[in-house]
Amino acid sequence: MIERADINAVLQQMREVKMQVQQGTSSEIPRPNAIRPVAGEQGGESFADLFKGAIDGVNNSQAQAKSLATAYEKGVAGVDLHQVMISMEKASVSFQALTQVRNKMVSAYEDVMKMPI
């Protein structure tokens, strides 16, 4: 029943946002922290910079997973097996996602290169 209440709360928030947009007060809608403005508004961060940041993030998550695994193997207090497994799975999923993005980028590049001039 808790899930149903959560769904209803989300639907209510969506309805409120829709009404604000329809009334023209969309600028008052708070922007979540995870959503950044477009490049023109933030000073021109390029796609290459974003992709490099994603690669660095995956590298950092893999390094953190490795250090947690090493700490667990050494018997460091406060490092639990579930923390190690979750960290390793996050690193694995992020690497797989990055690999898929890379594959799509290579495919798009090949498609562009095959286009007639």
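Parameters and conventions
- Residues numbered from 1 in each chain as written.
- Predicted model: local features only at pLDDT ≥ 70, side-chain atom pairs only at ≥ 80, totals over all residues.
- Heavy atoms only, no water.
- Helix = DSSP H or I, 4+ residues; strand = E, 2+ residues; numbered from the N terminus.
- Buried < 20%, exposed > 50% of the residue type's maximum accessible area, 1.4 Å probe, protein only.
- Areas by Shrake-Rupley, 256 points an atom, 1.4 Å probe, with all protein chains shown as cover.
- Phe/Tyr/Trp six-rings, centres within 6.5 Å; stacked < 30°, edge-to-face > 60°.
- pLDDT = per-residue confidence, 0-100.

Points about the overall build of the protein chain
Okay, step 1: What the protein chain contains, in helices and strands, is 4 helices and 0 strands.
Okay, step 2: Counting from the amino terminus, helix and strand elements in the protein chain follow one another as α-α-α-α.
Okay, step 3: Residues counted as buried form 10% of the 117 residues belonging to the protein chain.
Okay, step 4: Carbon and sulfur atoms provide 60% of the accessible area of the protein chain, an area that totals close to 9,900 Å².

Observations concerning the packing of aromatic side chains
Okay, step 1: Following the criterion strictly, the structure yields 1 aromatic pair and no others.
Okay, step 2: Ring centres of Phe47 and Phe51 lie 6.1 Å apart, and the angle between their planes is 15°; on these two criteria the pair is classed as stacked. Taken as a pair, Phe47 and Phe51 lie in helix α3 (residues 47-74) at a separation of 4 residues, close to a single helical turn.
Okay, step 3: In this structure Phe47 comes out as exposed when scored by relative accessible area, which is 52%.

Section: the confidence of the model for the protein chain
It should be kept in mind that the predicted coordinates are not to be read in detail where pLDDT is low.
Okay, step 1: Mean pLDDT for the protein chain: 80, with 78% of residues reaching 70 or above.
Okay, step 2: Within the protein chain, helix α4 (residues 81-114) carries the highest mean pLDDT (92), whereas helix α2 (residues 39-42) carries the lowest (52).

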